Amino acid sequence: MQTPSNSIAGSWDADGLWLNMRLMPGALVDGGSIATEVSMVVQRGLIAWLGASHELPQSCADLPRHDGGGALLGPALVDCHTHLVYGGQRASEFAMRLAGASYEEVARAGGGIVSSVRATREADEQTLFELAAKRLEALLAEGVCAIEIKSGYGLSLEHERKQLRVARQLGKAYGVTVRTTFLGAHALPPEYAGRSQDYIELVCKQMLPALHSEGLVDAVDVFCERIGFSLAETEQVFQAAQALGLRVKLHAEQLSDMGGSALAARFGALSCDHLEHLSSPGIAAMKAAGTVAVLLPGAYYALRDTHVPPIQALRDAGIPMAVSTDHNPGTSPTLSLLLMANMACTLFGLTVPEALDGITRHAARALGLQDTHGSLGVGRPANFVLWPLRDPAELAYWFGQRPACTVVRQGRIAVQPA
Ligand code: NIG
Ligand code: FE
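The structure displayed is predicted, hence computed values, not measured ones.

Chemist: Would you take a moment to explain the layout of surface pockets for this structure?
Modeler: Once rolled over the atoms, a probe with the size of a water molecule shows which space is left empty. The volume enclosed by the largest pocket comes to roughly 350 Å³. In this structure, the largest pocket is lined by 21 residues; those nearest its centre are Phe-94, Arg-97, Ala-302, Ser-332 and Pro-333. Breaking the lining of the largest pocket down by element, the ones donating at least two residues are α1 (91–98), α10 (297–302) and α12 (337–346). No other element matches the 4 residues that α1 contributes to the lining of the largest pocket. Here the lining of the largest pocket is built from residues that sort into 11 nonpolar, 6 polar and 4 charged. Around the second largest pocket sit 16 residues that line it, and Ala-107, Val-114, Ala-187, Leu-188 and Ile-227 are the ones nearest its centre. At the level of elements, α2 (103–108) and α3 (113–122) are the ones that each hand at least two residues to the lining of the second largest pocket. If one sorts the elements of the lining of the second largest pocket by residue count, α2 sits on top with 3 residues.

Right under this line is the structure:
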């Protein structure tokens with residue numbers, strides 16, 4: 001694999017004393033903040049001290065200094081739902097939808113996910129790495145330090161493996177936390193047309209065990225939908241995941257209320273994602289299981305959907321709401337998590353603090369990374385961003401431009417304003 005231009009090799013140590021910063025509201029592990037100017041000590045890549053500058057221990061005064069310039073200090077961002085590794089693009093489907101075809105109609109006509117499967121199968125590992133690396137670089141430049149990457153455009157052992165290997169390789173090359181999700185049950189591959197049950201057995205009995213034994217799978221996902229897989233098929237995949245001790249997630253209730261969220265919650269799902277058609281039994285089950293609701297306003301927008309997820313009911317139930325790009329070539333070809341925060345506010349009615357929690361602490365929880373990512377605290381890895389902004393709301397307010405920022409990822413200064 002080639003070394004990317006802004007790899008860890010090109011970054012430098014963030015150890016030392018970081019001075020002259022303001023803390024984002026809700027940035028601390030306990031959801032709190034500090035009202036006065038703050039300082040932070042980073043040692044061996046971990047946050048060793050964080051507090052009001054006037055309380056800085058004398059012993060830290062001689063450490064090498066980094067001037068925060070009065071910037072806002074916040075946790076680095078987490079993108080908890082992406083399909084980053086694929087070949088080709090699907091602009092022609094965008095045109096078809098504009099001409100009146102629905103996502104389901106495009107899929108049933110042989111386009112949709114299966115068209116990305118064709119292009120992904122044709123691409124070799126190096127090509128997929130190079131394509132995905134460019135996408136990852138855009139996300140990282142905006143402050144992302146942890147990302148979930150799903151398979152699901154291979155739909156055979158060989159090609160799902162290729163996608164997951166690339167995902168792992170991206171994590172190593174860029175010094176970024178990558179959680180891989182096996183999404184073998186994303187669509188029925190053409191060679192299994194009319195034999196859905198046979199394909200699910202291949203997924204459960206061969207693909208998942210093999211990829212798991214190769215260390216390529218951190219979690220398991222299914223597209224539970226009329227144009228995806230049924231509730232019963234989803235349950236089969238979840239049982240296979242459970243037997244291997246793997247956590248599950250679900251593409252649930254995006255186009256219709258299939259009852260997938262309640263099923264996923266019964267399996268202790270980390271998250272249920274999309275949720276435009278989520279109803280009360282699903283909400284109750286998710287609440288009981290501690291499942292995160294992942295909102296994907298990019299897909300909602302691109303499909304010109306009008307059915308908003310039940311935000312107030314999720315809020316009333318106290319279910320953590322994460323926000324993610326869902327980056328994929330079909331329904332959400334965006335590479336801006338901050339744009340998704342903006343859309344979560346404008347399209348779904350989240351408040352700014354909810355949207356910011358959605359791309360940090362709740363997104364980390366959706367990946368099981370809440371102890372290390374998504375908020376700031378002593379002993380945690382130094383994953384943070386300095387935003388030279390006046391008002392924290394600016395993070396969700398500007399759109400279509402990337403704010404200048406300094407990103408420290410895994411204890412390295414990885415991005416700096418040009
Ligand atoms: O999350 N809904 C299913 N999966 C993707 C779309 C994949 C595609 O159309 O390529 C999603 O929106
Ligand atoms: Fe998705």
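There's plenty left to go through after this.
Chemist: Help me out: how do you make sense of the site of ligand 1 in this one?
Modeler: Near ligand 1 you find 15 residues, and of these Arg-90, Tyr-103, Tyr-153, His-186 and Thr-331 are the closest. Taking His-186, its side chain carries an N or O atom lying 2.9 Å from a nitrogen atom of ligand 1. Taking His-251, its side chain carries an N or O atom lying 3.0 Å from an oxygen atom of ligand 1. Notes on ligand 1: free accessible area 320 Å², of which the protein chains cover 100%. A per-class count over the shell around ligand 1 returns 4 nonpolar, 9 polar and 2 charged.

Each value, and the rule that gives it
Residues numbered from 1 in each chain as written. Chains lettered and ligands numbered in written order. Predicted model: local features only at pLDDT ≥ 70, side-chain atom pairs only at ≥ 80, totals over all residues. Heavy atoms only, no water. 1 Å grid on protein atoms, 1.4 Å probe; cavity = no way out; pocket = protein on both sides within 12 Å on 5 of 7 lines; lining within 4 Å. Points joined across faces, edges and corners; volume = space filled by probe spheres on them. Helix = DSSP H or I, 4+ residues; strand = E, 2+ residues; numbered from the N terminus. Nonpolar A, V, L, I, M, F, W, Y, C, P; charged D, E, K, R; others polar. Near = heavy atom within 4 Å. Polar contact = N/O pair within 3.5 Å; in protein donor to acceptor, adjacent residues only side chain to side chain. Areas by Shrake-Rupley, 256 points an atom, 1.4 Å probe, with all protein chains shown as cover.

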